[in-house]
Amino acid sequence: MPRSLKKEGHQRMNTTYQRFQFSLLIISVFITGAAEGMLLPLVSSLLERSGVSSIWNGLGSTSLYIGMLIAIPLMEKPMRKVGYKIFLIGGLALITLPLFLFPIWMNLWFWFMLRLCVGLGDSMLHFAAQTWITIDSPLNHRGRNISFYGLAFGIGVAVGPMLVRLVDYGTAVPFLTSGIFCTLVLFLLFLLKNEYPECMEDKSTSNSTLFSRYKRVLTAAWSGFMVTFAFGFLETSLNNSFPIFALRHGYDLNALSVLLPAFVTGGLITQLPLGMLGDRLGRNRLLPVITCVGTLALFLTGVLCDYFYGIYFTLLAAGLMVGSLYSMSMGFVSDLLDKTQIPLGNIIMTICYSIGSMIGPISGNLMINIMPNGGLFYGVSFLLFLTSISCTVQAIQLHRKGSSFQKTAGVSNK
């Protein structure tokens, strides 16, 4: 067989495998999103039925984020040693096993530890998946591929609560159903070839302290990390504080069930189109625009908070603009960093998102108490406005340094 035909056949096989690998990563992100989307409302409702106070119930729900925060700073070096595949399998295993253990004993502290374990596994899986996708994706398709990642997780989180209805057939049924699906995906992950992130920077930086490495990455992509923090703050403020705001303004549960998904729906609609648009125009140009428009939409939500359709359409507009900020920030941060820095960048992103997610509900409730009429939305829109300014400032700084701002944020990966 001629060498050209062998080479062409090898390239086709390689392309087919890359598509299989990417599809499996997306499926694993979807299934973990569904498990997480089911777990939070299901556990909370079951503990409420068993008589656990709302305060303790709420504190117990933070265990998922605590697990993420504890785990994520320690993951970079282990993943470089064992590779993406082992990290994915280990992370999904730590999510799957607790799903089968939840029905054994309904106890607040037992379930606290299980959710802590899920948070650890969630961090491992997402860290490996998003690092693998961002590093392997070509620059002209990076935004599109990351958007598929965000879309898969978003749909999974939206589908997850539907599994809660299975509790009518028995308390264990939702847990076991989710656990079985996770097990199937877990076995599929064994079909992947193991790959490793690129080694650390050159010799001049390999002996640098951890602090200096964090400092370099933060300096290079600080506005991208602010986007991630703002999205975590925004997402959890709306999910946790908006129901309180709506009920205090006379909206019933039926109205709430329509209003709350509006933001999520908008984000799912534009997740892929905005990702592809970022590839074409440059995320450095796109982020200041969509965060500015999102700021205006959320500000108008506060102004029109007494009108049902006013809230609905402004929340939908905000979701269309900023509902995909997490995946957009992933691409933006990756654009600003070298390939060897991307794993550490993903770690800092997860930390920023987790901190924003923990601060969001507390600040949201505080803003409702200080300014009952629209204070929640004015506060969130102000943070988003600061985020828009930060992206604009960093884009200008990089442009003045002579960075290439053609297709990406201006710093090509080495």
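This text goes with the structure placed above it.
For clarity, every value in this text was computed on a predicted model and none was experimentally measured.

## Brief notes about the overall build of the chain
So, point 1. Helix and strand counts for the chain stand at 16 helices and zero strands.
So, point 2. Per-residue burial for the chain yields a buried fraction of 52% across its 414 residues.
So, point 3. Considering only residue pairs separated by 6 or more positions, the chain has 85% of its internal contacts joining residues 24 or more positions apart.
So, point 4. Counting every atom, the chain has about 19000 Å² of accessible surface; 69% of that belongs to carbon and sulfur.

## Describing the packing of helix α3 (residues 63–71) against helix α6 (residues 108–136)
So, point 1. Packing of α3 against α6 brings their axes to within 7 Å, and their N-to-C directions diverge by 45°. In terms of orientation, α3 and α6 fall into the oblique class. Crossing of α3 against α6: the hand is right-handed. Note on element contacts: α6 touches α3 through F112, R115, L116, V118, G119, L120, D122 and S123, opposite S63, L64, I66, G67, M68 and A71.
So, point 2. Classifying every residue of the contact of α3 with α6 gives eight nonpolar, four polar and two charged.

## Comments concerning the nonpolar core
Side chains of nonpolar character tend, in soluble globular proteins, to be buried together.
So, point 1. Residues L88, F175 and F242 are the most contacted members of the largest nonpolar core, which totals 105 residues.
So, point 2. When neighbours within four sequence positions are excluded, L88 is seen to be in contact with L25, L125, A128, A129, W132, L189 and L192.

## As for the pattern of salt bridges
So, point 1. A full pass over the atoms with the stated rule returns two salt bridges.
So, point 2. With its nearest N and O atoms 2.9 Å apart, the salt bridge here joins D279 to R283.
So, point 3. When its relative accessible area of 1% is taken as the criterion, R283 is described as buried.
So, point 4. In this structure, a network of salt bridges that share partners links the residues D279, R283 and D335.

## Some points on the environment of F225
So, point 1. Considering the arrangement of structural elements, one finds F225 in helix α10 (residues 210–248).
So, point 2. By relative accessible area, F225 is classed as buried at 3%.
So, point 3. Setting aside chain neighbours within four positions, we find F225 in contact with V217, L218, V333, G345, I348, M349 and C352.

## A look at the packing of aromatic side chains
So, point 1. As enumerated under the stated definition, the model contains 18 aromatic pairs in all.
So, point 2. Where Y17 meets F20, the ring centres are 6.4 Å apart and the plane angle is 45°; that geometry is what we call tilted. Highlighted residues: Y17 and F20, both in helix α1 (residues 3–49), separated by three residues, approximately one helical turn.
So, point 3. For the ring pair W105 and F110, a centre distance of 5.6 Å and an interplane angle of 35° mean the geometry is tilted.
So, point 4. The exposure class of F110 is partly exposed, given its relative accessible area of 23%.
So, point 5. Geometry around Y17 places K193 over its ring, the cationic atom sitting 4.6 Å from the centre.

Calculation rules
- One numbering rule holds for all chains: residues counted from 1, following each sequence as written.
- Per-residue local features are limited, in this predicted model, to residues with pLDDT of at least 70; the limit for side-chain atom pairs, both in listing and counting, is 80 or more; totals at the level of whole chains, interfaces and linings are taken over all residues.
- By convention in this description, side-chain values take in all heavy atoms of the structure and omit both hydrogens and water.
- Secondary structure counts use DSSP, requiring at least four H or I residues in a row for a helix and at least two E residues in a row for a strand, with both numbered from the N terminus.
- Exposure is judged per residue with a 1.4 Å probe applied to protein chains only, and the accessible area is read against the type maximum: over 50% gives exposed, under 20% gives buried, and values in between give partly exposed.
- What makes two residues a contact is simply this: any of their non-hydrogen atoms within 4.5 Å.
- Using a 1.4 Å probe, the Shrake-Rupley method yields the accessible areas, and only the shown protein chains count as cover for residues.
- Each axis is a line fitted through C-alpha atoms, and for a helix only the stretch in contact is used; angles between axes span 0 to 180 degrees, taken between their N-to-C directions.
- For classification purposes, an angle smaller than 35 degrees is called roughly parallel, one larger than 145 roughly antiparallel, one from 65 to 115 roughly perpendicular, and anything else oblique.
- By definition, turning the near helix anticlockwise from the far helix through less than a right angle yields a left-handed crossing, and turning it clockwise yields a right-handed one.
- Asp, Glu, Lys and Arg are counted as charged, while Ala, Val, Leu, Ile, Met, Phe, Trp, Tyr, Cys and Pro are counted as nonpolar; the rest, among them Gly, fall into the polar class.
- What we call a nonpolar core is a set of buried Ala, Val, Leu, Ile, Met, Phe, Trp, Tyr and Cys residues that are connected through their side-chain atoms within 4.5 Å.
- A pair is scored as a salt bridge if a Lys or Arg side-chain nitrogen falls within 4 Å of a carboxyl oxygen belonging to Asp or Glu.
- The criterion for an aromatic pair is that two Phe, Tyr or Trp rings (for Trp, the six-membered ring) have centres within 6.5 Å, with stacked assigned to planes under 30 degrees apart, edge-to-face to planes over 60 apart and tilted to the rest.
- Should the NZ of a Lys or the CZ of an Arg lie within 6 Å of a ring centre and within 35 degrees of the ring normal, that charge is described as sitting over the ring.

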